[in-house]
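# Structure at a glance
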Amino acid sequence: MKWSDITIDKWQHILAISKTELPDFSKEIELVCYLYNLDGAEVLNYPLEKFKALSSQLDFLQDVYEGDMKTSFIINDVKYVVNWEMQKRTAGQFIDLSELTKDQDLINDNLHKILAVICIEEGSKYDGNINERAEVFKNHLTMDIVYPIAGFFLTVLKASLPTIQDYLEKDITKQKKELLQMIKDSMSIGDGTVHLTN
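About the cut-offs
Residues numbered from 1 in each chain as written. Predicted model: local features only at pLDDT ≥ 70, side-chain atom pairs only at ≥ 80, totals over all residues. Heavy atoms only, no water. Helix = DSSP H or I, 4+ residues; strand = E, 2+ residues; numbered from the N terminus. Buried < 20%, exposed > 50% of the residue type's maximum accessible area, 1.4 Å probe, protein only. Contact = heavy atoms within 4.5 Å. Areas by Shrake-Rupley, 256 points an atom, 1.4 Å probe, with all protein chains shown as cover. Salt bridge = Lys/Arg side-chain N within 4 Å of Asp/Glu carboxyl O. Phe/Tyr/Trp six-rings, centres within 6.5 Å; stacked < 30°, edge-to-face > 60°. Pairing = 2+ DSSP bridges. Axes fitted to C-alpha atoms, helices over the stretch in contact; angles between N-to-C directions. Arc of directions from axis to C-beta.

### Considering the overall build of the protein chain
Along the protein chain, the regular secondary structure elements total eight helices and five strands. The burial tally for the protein chain puts 34% of its 198 residues in the buried class. Within the protein chain, contacts between residues at least 6 apart in sequence are counted, and of these 61% link residues at least 24 apart. As presented, the protein chain carries roughly 12800 Å² of accessible surface, and 52% of it is formed by carbon and sulfur atoms.

### Side note on unusual backbone geometry
Of note, the phi angle at asparagine 76 is positive, near 50 degrees, even though the residue is not glycine. According to the relative accessible area criterion, asparagine 76 is exposed, its value standing at 57%. If you check the backbone angles, aspartate 77 has positive phi at about 70 degrees while not being a glycine. Structurally, aspartate 77 is set in the loop between strand 1 (72–75) and strand 2 (78–82).

### Considerations on the pattern of salt bridges
Following the criterion strictly, the structure yields five salt bridges and no others. Here aspartate 5 and lysine 2 are joined by a salt bridge, their closest N and O atoms 3.9 Å apart.

### A short note on the packing of aromatic side chains
Taken as a whole and assessed by the stated rule, the structure comprises eight aromatic pairs. With a centroid separation of 5.2 Å and 85 degrees between ring planes, the pair formed by tryptophan 3 and tyrosine 147 is classed as edge-to-face. Taken as a pair, tryptophan 3 in the segment before helix 1 (8–18) and tyrosine 147 in helix 8 (residues 143–186) lie far apart in primary sequence, 144 residues in all. On the basis of relative accessibility, which here comes to 8%, the residue tryptophan 3 falls in the buried class. With a centroid separation of 6.1 Å and an interplanar angle of 55 degrees, the aromatic rings of tryptophan 11 and tyrosine 147 are classed as tilted. With a gap of 136 residues between them, tryptophan 11 in helix 1 and tyrosine 147 in helix 8 connect regions that are remote in the sequence. Aromatic ring contacts, followed pair by pair, group Trp3, Trp11, Phe60 and Tyr147 into a single cluster.

### Remarks on the sheet that holds strand 1
Strand order across the open sheet formed by three strands is 1-2-3, with antiparallel pairing between neighbours. Two strands bound the open sheet, and with one partner strand each, they are strand 1 and strand 3 (119–121). Ignoring strand direction, the axes of neighbouring strands in this sheet form an average angle of 30 degrees.

### Notes on helix 7 (residues 131–140)
Helical geometry: 3.6 residues make up each α-helical turn, so side chains three or four residues apart lie on a common side. Here helix 7 has its buried residues at Arg133, Ala134 and Phe137. Seen end-on, helix 7 carries its buried residues on one side only, within an arc spanning 100 degrees. Across helix 7 from its buried face, at more than 90 degrees, point the exposed residues Asn131 and Glu132. Of the surrounding secondary structure, the elements contacted by the buried residues of helix 7 are helix 1, strand 1, strand 2, helix 6 (111–118) and strand 3.

Given below as structure tokens:
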């Protein structure tokens, strides 16, 4: 077994097992049963040597994946493009990413949704509708592709969020002032003007 065998869904399940309060050996059994699709009662009857041989094949899960970052990938004959450049992302993407990453404890639970914001179908524009794409990613996108994208993205996002928020707040304030000025300029009653406050 290797990273390319682990979908986002499997990865989330692996993390859920690791967070349980079971003793380490019980977690190991749960993990082996889950990833090899084995019956727990059957595994408990394995000779220890056979069990350890299976378990040792999962040691790679303890390491950080060091593979190359992809610019695109294909799932079910659909090409998805990774939007690496921060300046090419829309305000909607930044807002959705901020929402999906605001709670550190839920980032792995939201991993398929985060990827669905960053990676869109080739030739498409981001429209905020991520649920269908997120489900495809959850069930088919493997961690050899996800790990480098998520690692890079989360590092860059963490560094960029204060600047992005500041920019968005300034932009909204500017738009609000311009709108109020337009309303002031256009709203007059008789000889007087309706006064609006900022």
